[in-house]
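What the coordinates show
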Amino acid sequence: MSFLLKQKTIDITKDVVGKFNENGNFELFYDNECVGEFVQETNKLKLKHGYQQQNRRILKSVTVTEHPNMKYVDCDIEGGWC
């Protein structure tokens, strides 16, 4: 079976959490990973590589696999597998 890797962008806005750190900076987290921070001097988000801001949303670039040659194969009743 062959697989293709494809870049995809997903919207993670609802899952991003902001926390103040010990230095008073406002950091953004997704899945317990720091993905960026809000810079007060510029009033802008500074996001790490693989993340972007677009239309007031935070997006993450991910690599997904696709199966372009997937075909349905019927069960082998005598062999006991599907």
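What you are looking at is a predicted structure, and each value in this text was computed from that prediction instead of being measured.

With that out of the way, let us pick up the overall build of the chain. Helices and strands together make up the secondary structure of the chain, namely zero helices and seven strands. Reading the chain from its N end, one meets helices and strands in the order β-β-β-β-β-β-β. Partitioning the contacts of the chain with sequence separation of at least 6, the portion at a separation of at least 24 is 43%. Of the roughly 7000 Å² that the chain leaves accessible, carbon and sulfur atoms contribute 49%.

On to unusual backbone geometry, then. Even without a glycine there, the phi angle at Asn32 is positive, about 60°. By secondary structure assignment, the location of Asn32 is in the loop between strand S3 (26-30) and strand S4 (33-39). Despite not being glycine, Arg56 shows a phi value in the positive range, around 65°. Structurally, Arg56 can be placed in the loop between strand S6 (51-54) and strand S7 (57-66).

Let us now look at the pairing of S4. Remark: a regular strand shows side chains that alternate across the two faces of the sheet. Pairing analysis gives five bridges linking S3 to S4, with the strands arranged antiparallel. Residue Leu28 lies in a different strand from S4, and its bridge partner there is Gly36. Between S3 and S4, which follow one another and run antiparallel, lie two residues, and Asp31 among them has a positive phi close to 55°.

Let's shift gears to the environment of Glu66. Mapped onto the secondary structure, Glu66 falls in strand S7. Separated by 61 residues in the primary sequence, Glu66 and Leu5 have C-alpha atoms spaced 6.4 Å apart.

Inspection of every chain in the model, using the stated rule, returns one aromatic pair. Lys19 extends its terminal NZ or CZ atom over the ring of Phe29, reaching a point 5.1 Å from the ring centre.

Each strand in a sheet pairs with another by means of backbone hydrogen bonds, the pair being arranged parallel or else antiparallel. Taken in spatial order, the three strands line up as S1-S7-S6 in an open sheet, and their pairing is antiparallel. With partners counted over all chains shown, the strands left at the sheet margins are strand S1 (4-11) and S6, one partner each. Here the strands of the sheet are splayed against their neighbours by 35° on average, with no regard to which way each runs.

Let us now look at the sheet that holds strand S5 (residues 44-47). Here we have four strands laid out as an open sheet, ordered S2-S3-S4-S5, and antiparallel in their pairing. Looking along the sheet, the strands with just one partner apiece sit at the ends: strand S2 (16-20) and S5. The sheet shows a mean angle of 30° between the axes of neighbouring strands, taken without regard to direction. In this sheet, S5 lies alongside S4 in antiparallel orientation, the contact comprising four bridges.

Here is what the cut-offs are and how they apply
Each chain has its residues counted from 1, following the order in which its sequence is written. With the structure being a predicted model, the display of local features is reserved for residues of pLDDT at least 70 and the display and counting of side-chain atom pairs for 80 or more, all residues being used for whole-chain, interface and lining totals. Hydrogens are left out, water is left out, and the side-chain values use all remaining heavy atoms of the structure. Secondary structure elements are defined from DSSP: runs of H or I of at least 4 residues count as helices, runs of E of at least 2 residues count as strands, and each element is numbered from the N terminus. Note on contacts: a residue pair qualifies if any of its non-hydrogen atoms lie within 4.5 Å across the two residues. Where accessible areas are quoted, they stem from the Shrake-Rupley method and a 1.4 Å probe; at the residue level, only the protein chains shown are allowed to cover. A pair of strands is labelled paired if DSSP reports no fewer than 2 bridges between them. Between rings of Phe, Tyr and Trp, where Trp is taken as its six-membered ring, a pair exists when centres lie within 6.5 Å; planes separated by under 30 degrees are stacked, by over 60 edge-to-face, and by other angles tilted. In our convention, an over-ring charge means Lys NZ or Arg CZ found within 6 Å of a ring centre and within 35 degrees of that ring's normal. Only the contacting stretch of a helix is used when fitting its axis, a line to C-alpha atoms as for every element, and angles between N-to-C directions run 0 to 180 degrees.

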